[in-house]
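Fold and geometry: a report
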Amino acid sequence: MENASKALIMAAGVLIGILILSLAVYLFTSFGSTSAEIYKKNQETQLNQFNTQFTSYVGMECTIYDVITVANLATENNIFYELSSSTNGKDNYISVSLKGNSIEYGYGTSSTSINNKYNELIQNDIDKIQNDTQNQLPRYTCTVEISPTTQRVYKVEFK
């Protein structure tokens, strides 16, 4: 009788051990999927915040200062990812154009040449003000294209 009670105690111990291991495996998979969901939501939030920097100009009348702000954001992005040219939305390169002329820069461009280009653009619009009787900066409309591959803005056009 004594051996039978010891056998029952051992069997109960094994069952309790299996239950504890099963609970541990369940919690591990549950927490793993939850953290994956949180990570995915964080990525989506970051992507939306990034795209909003550019899409907020769509539908607005923009001045040359808005154009240069967007071009600076694109240039910073291109330098950060060390990209010097685009592969049409298949990478993180962002191109910005004003009336069909590219005004963003990529990796390896000197800040002096960037500033010279932007100063030239501002001066051109100031010259237009002096020739205009209303003394207003020219206005531009913005369009944005989002890459189906990366889901990021890759092209911004001002016309």
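The rules behind these values
Residues numbered from 1 in each chain as written. Predicted model: local features only at pLDDT ≥ 70, side-chain atom pairs only at ≥ 80, totals over all residues. Heavy atoms only, no water. Helix = DSSP H or I, 4+ residues; strand = E, 2+ residues; numbered from the N terminus. Expected span 1.5 Å × (residues − 1). Contact = heavy atoms within 4.5 Å. Axes fitted to C-alpha atoms, helices over the stretch in contact; angles between N-to-C directions. Nonpolar A, V, L, I, M, F, W, Y, C, P; charged D, E, K, R; others polar. Phe/Tyr/Trp six-rings, centres within 6.5 Å; stacked < 30°, edge-to-face > 60°. Buried < 20%, exposed > 50% of the residue type's maximum accessible area, 1.4 Å probe, protein only. Lys NZ or Arg CZ within 6 Å of the ring centre and 35° of its normal.

A few points about helix α1 (residues 2-55)
- Its 54 residues give α1 an end-to-end C-alpha distance of 79 Å, which sits within 8% of 80 Å, the value for a rise of 1.5 Å per residue.
- Residues of α1 that are buried in the fold lie against α2 (64-80), β3 (142-146) and β4 (153-158).

Examining the packing of α1 against α2
- Between α1 and α2, the shortest axis-to-axis distance is 9 Å and the interhelical angle comes to 145°. On the side of α1, the interface is formed by Phe-50, Gln-53 and Phe-54, while α2 contributes Val-70, Leu-73, Ala-74 and Asn-77.
- Classifying every residue of the contact of α1 with α2 gives five nonpolar, two polar and no charged.

Describing the packing of aromatic side chains
- Inspection of every chain in the model, using the stated rule, returns two aromatic pairs.
- Relative to Tyr-81, the ring of Phe-80 has its centre 5.0 Å away and its plane inclined at 85°; by these criteria the two rings are edge-to-face.
- You can call Phe-80 exposed: its relative accessible area is 62%.
- In this structure, Arg-152 packs its charged tip against the face of Phe-50, placed 3.9 Å from the ring centre.

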